[in-house]
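Given next are the chains, with one letter for each unit.
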Amino acid sequence: MSERTGLDDLLTFEEEAQPRAGRARGGRARTVFRTLAVAAAATAVVLVCLRAVGLQLSIWIVVAGVLAVLAVRRVTAALAPPPPPRAGVRAPAGEELGGWNWGARDALRAAINGWERPLDWSSGNRERFTERILPRLGELADERLRQRHGVTRESDPSRARALLGEPLWTFLDTPSRRPPSPRDLAAIVAELEKI
């Protein structure tokens, strides 16, 4: 048998219904029986409380009220969002199948913090700047050179020096006596972006 399969047939996707655990153990009859038992118990409690304070109400009104409350409770439980993750439990990063993960970390914020904290920490200390920031800037320069021109400062120093330009090459090659000012650092980053 050879059937012709169209492109639409190949690209459609239908999810299989997942069997519910509650139905496998007792089915609908068990759920109905449990709901009726809870309704009967709640009705009895409400009627006893009403009689204790001297009020008389038809049993059918109380039953209808209790069933309405149970129905609203069931609907709101079905529509409620999942509980937030507990404190101390690591939330998965990024987007997962089935919807947006609102608890995920923002990658841009993490990248900015990855530079902001070390820059702030080493703003007045030349040794910290030379140990922490300068190697990162050198790695960025090497990566840009490798991606755009196929060289690094180590593999072809003369070509890398020509591509980087003398001020950027000198900055990356010889540590300065003091950390650069924010204006100087912005100029260096601008030069790195031009590579």
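Everything discussed here concerns the structure shown above.
Residues numbered from 1 in each chain as written. Predicted model: local features only at pLDDT ≥ 70, side-chain atom pairs only at ≥ 80, totals over all residues. Heavy atoms only, no water.

1. Thoughts on the overall build of the protein
Thinking step 1. A tally of helices and strands in the protein yields 9 helices and 0 strands.
Thinking step 2. In sequence order, the protein lays out its α and β elements as α-α-α-α-α-α-α-α-α.
Thinking step 3. Going through the 195 residues of the protein one by one, you find that 17% of them count as buried.
Thinking step 4. The contacts of the protein with a sequence gap of at least 6 include a subset with a gap of at least 24, amounting to 41%.
Thinking step 5. Split by element, the accessible area of the protein, about 16200 Å² in all, is 58% carbon and sulfur. (Helix = DSSP H or I, 4+ residues; strand = E, 2+ residues; numbered from the N terminus. Buried < 20%, exposed > 50% of the residue type's maximum accessible area, 1.4 Å probe, protein only. Contact = heavy atoms within 4.5 Å. Areas by Shrake-Rupley, 256 points an atom, 1.4 Å probe, with all protein chains shown as cover.)

2. Some points on the environment of Leu70
Thinking step 1. Along the chain, Leu70 turns up in helix 4 (residues 59-79).
Thinking step 2. C-alpha separation for the pair Leu70 and Val38, spaced 32 residues apart in sequence, amounts to 8.8 Å.
Thinking step 3. Residues within four places of Leu70 in sequence aside, it is in contact with Thr35, Val38 and Ala39.

3. What about the side chain of Thr43?
Thinking step 1. Tracing the sequence through the fold places Thr43 in helix 3 (residues 27-52).
Thinking step 2. Given the relative accessible area of 5%, Thr43 is considered buried.
Thinking step 3. A polar atom in the side chain of Thr43 sits 2.6 Å from the backbone oxygen of Ala39.
Thinking step 4. Apart from the residues lying within four places of it in its own chain, the contact partners of Thr43 are Ile59, Val62, Val63 and Val66. (Polar contact = N/O pair within 3.5 Å; in protein donor to acceptor, adjacent residues only side chain to side chain.)

4. Considering the pattern of salt bridges
Thinking step 1. Summed over all chains, the structure comprises 4 salt bridges.
Thinking step 2. Note that Arg153 is salt-bridged to Asp142, the shortest N-O span being 3.0 Å. With Arg153 in the loop between helix 6 (126-149) and helix 7 (157-164) and Asp142 in helix 6, this residue pair connects regions lying 11 residues apart in the sequence.
Thinking step 3. With a closest N to O distance of 2.8 Å, Glu166 and Arg161 form a salt bridge.
Thinking step 4. Owing to a relative accessible area of 37%, Arg161 belongs among the partly exposed residues under this scheme. (Salt bridge = Lys/Arg side-chain N within 4 Å of Asp/Glu carboxyl O.)

5. Observations concerning the packing of helix 7 against helix 8 (residues 166-173)
Thinking step 1. Packing of helix 7 against helix 8 leaves a shortest axis separation of 6 Å and a crossing angle of 120°. The pairing of helix 7 with helix 8 is recorded here as oblique in orientation. Seen from helix 7, the contacting residues are Pro157, Ala160, Arg161 and Leu164; seen from helix 8, they are Glu166, Leu168, Trp169 and Leu172.
Thinking step 2. Residue composition of the contact of helix 7 with helix 8, by class: 6 nonpolar, no polar and 2 charged. (Axes fitted to C-alpha atoms, helices over the stretch in contact; angles between N-to-C directions. Parallel < 35°, antiparallel > 145°, perpendicular 65-115°, else oblique. Nonpolar A, V, L, I, M, F, W, Y, C, P; charged D, E, K, R; others polar.)

6. So, the nonpolar core
Thinking step 1. Among the nonpolar cores identified, the biggest contains 17 residues, and Leu137, Leu164, Leu168, Phe171 and Leu172 are the most heavily contacted of them.
Thinking step 2. Elements supplying a minimum of two residues to this core: helix 6, helix 7, helix 8 and helix 9 (182-194).
Thinking step 3. With 6 residues, helix 6 is the largest single contributor of residues to this core.
Thinking step 4. Here Leu168 is in contact with Ile188, Glu191, Leu192 and Ile195, once residues within four sequence places are set aside.
Thinking step 5. Judged by nonpolar contacts, the second largest core, of 6 residues, contains Leu47, Leu50, Val62 and Leu70. (Core = buried A, V, L, I, M, F, W, Y, C linked by side-chain atoms within 4.5 Å.)

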